[in-house]
Amino acid sequence: MKIIQNTSQFSSKEQTFVTIGTFDGVHFGHQKIIEKLVFEAKKAGKKSVVLTFFPHPRMVLQKDASLELINTIDERAKLLKKTGLDYLIIHPFSKEFSRMSALEFVRDLLVNQLNISKLIIGYDHHFGKNREGNITQLTEYSHLYDFKVEEIPAQDIDDVSVSSTKIRHALVSGNLKTANSYLGYNFMLTGKVVNGKQLGGKIGYPTANIDVKETYKLIPKTGVYVVKSTIDDKTIFGMMNIGSRPTVNGNHQTIEVHFFDFNQDLYRQELTIELMYFLRDEQKFDSVELLIHQLKKDEETARDYLKNNL
């Protein structure tokens, strides 16, 4: 899969089958749509293209600070790569771009730049300035510019929307099992390892402090999780705490991972942490000794979980 950062940088003599969307989560519902796109494109001897936009339109048009997405744009790209897609185009979304008329969007972008042969689109898809474009206009333009339009049934799109909502709700309520079952993979957090206060090392549980720089990334419920990561091509397991560390008077949220049977300096490395199982809520203990006692119990429970579920 090739990643293109702007439609103006895309060039293909072969015609394309295109679908458009955010595809946040790249969950089972999204995968179904993209598998259909890839299959039909290959069958017709065309190239498959997902056109998405970044930043998210709501970030630009509504300055929506509350917007939380399941994936960062990089995570989304990695997940889409697994679908067999030929091209992912991440077009910059701006206020200027949002003013493009429906006709300009179809003629200039889909037809002239993407060399479209077929558009696979959701039943309630709107596009162009003030979302003026709809399926009726698309059908008219398809006759004018000689491409096909296939509308994804309402039921399938509703399932996609419901799944995304359920995943977000499950993550913020600590129901990781439900979230991962809808995703079809383990929810992940990606960030650089940064300096912490090294308190974990002093109590026998050294941690890697993960800094997720994307402010729009959904951070799950505070608490302790069983996790895994790939480090130097090896799968390493551990437990992670999301929270403010109330026992040691923490005053801001941190993401700290303690890896089992592992001793390596990870400072400044970028890690992707997969969340496998929710162990417990964050607690405030009356002493550091009680915290250490609980951490030992957490490790024992986490290792038992891994032994029984791998």
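Quick caveat, the model's predicted, so the values are computed rather than measured.

Here's the deal with the overall build of the protein
Then step 1. The number of helices and strands found in the protein is 10 helices and 12 strands.
Then step 2. Structurally, the protein occupies a C-alpha span of about 75 × 40 × 35 Å along its principal axes.
Then step 3. Burial analysis of the protein (310 residues in total) assigns 48% to the buried set.
Then step 4. Excluding contacts between residues fewer than 6 apart, the proportion of contacts in the protein whose partners are at least 24 apart in sequence is 74%.
Then step 5. Accessible surface computed for the protein: about 16,200 Å², of which carbon and sulfur atoms make up 48%.
Then step 6. Of the side-chain charges in the protein, 40 are positive and 38 negative, and the distance between the mean point of each set is 2 Å.

So, the side chain of Glu 299
Then step 1. You can see Glu 299 is positioned in helix α10 (residues 288–309).
Then step 2. What makes Glu 299 buried here is its relative accessible area of 18%.
Then step 3. Leave out the neighbours within four places in its chain, and Glu 299 touches Tyr 205, Met 239 and Phe 260.

Re unusual backbone geometry
Then step 1. Pro 55 follows Phe 54 through a cis peptide bond whose omega is 0°.
Then step 2. With respect to the helices and strands, Pro 55 occurs in the loop between β3 (47–54) and α2 (57–61).
Then step 3. Phi is positive for Val 26, close to 40°, though the residue is something other than glycine.
Then step 4. Its place among the elements puts Val 26 in the loop between β2 (16–20) and α1 (28–44).

Digging into α10
Then step 1. Over its 22 residues, α10 extends 31 Å from the first C-alpha to the last, a length consistent with the 32 Å expected when each residue adds 1.5 Å.
Then step 2. The inward-facing, buried residues of α10 abut β9 (223–231), β10 (234–243) and β12 (270–280).

Focus: the packing of aromatic side chains
Then step 1. Tallying each qualifying case throughout the model produces 9 aromatic pairs.
Then step 2. On the basis of an interplanar angle of 70° and a centroid distance of 5.7 Å, the ring pair of Phe 259 and Phe 262 is categorised as edge-to-face.
Then step 3. Classification of Phe 259 as buried rests on a relative accessible area of 5%.
Then step 4. Measuring from centroid to centroid gives 4.4 Å for Tyr 277 and Tyr 305, while their planes differ by 15°, and the two rings are stacked. Of the two residues, Tyr 277 is situated in strand β12 and Tyr 305 in helix α10; the sequence distance between them amounts to 28 residues.
Then step 5. The exposure class of Tyr 277 is partly exposed, given its relative accessible area of 35%.

Criteria and thresholds
Residues numbered from 1 in each chain as written. Predicted model: local features only at pLDDT ≥ 70, side-chain atom pairs only at ≥ 80, totals over all residues. Heavy atoms only, no water. Helix = DSSP H or I, 4+ residues; strand = E, 2+ residues; numbered from the N terminus. Buried < 20%, exposed > 50% of the residue type's maximum accessible area, 1.4 Å probe, protein only. Contact = heavy atoms within 4.5 Å. Areas by Shrake-Rupley, 256 points an atom, 1.4 Å probe, with all protein chains shown as cover. Lys, Arg positive; Asp, Glu negative; His and termini not counted. Charge placed at Lys NZ, Arg CZ, Asp CG, Glu CD. Expected span 1.5 Å × (residues − 1). Phe/Tyr/Trp six-rings, centres within 6.5 Å; stacked < 30°, edge-to-face > 60°.

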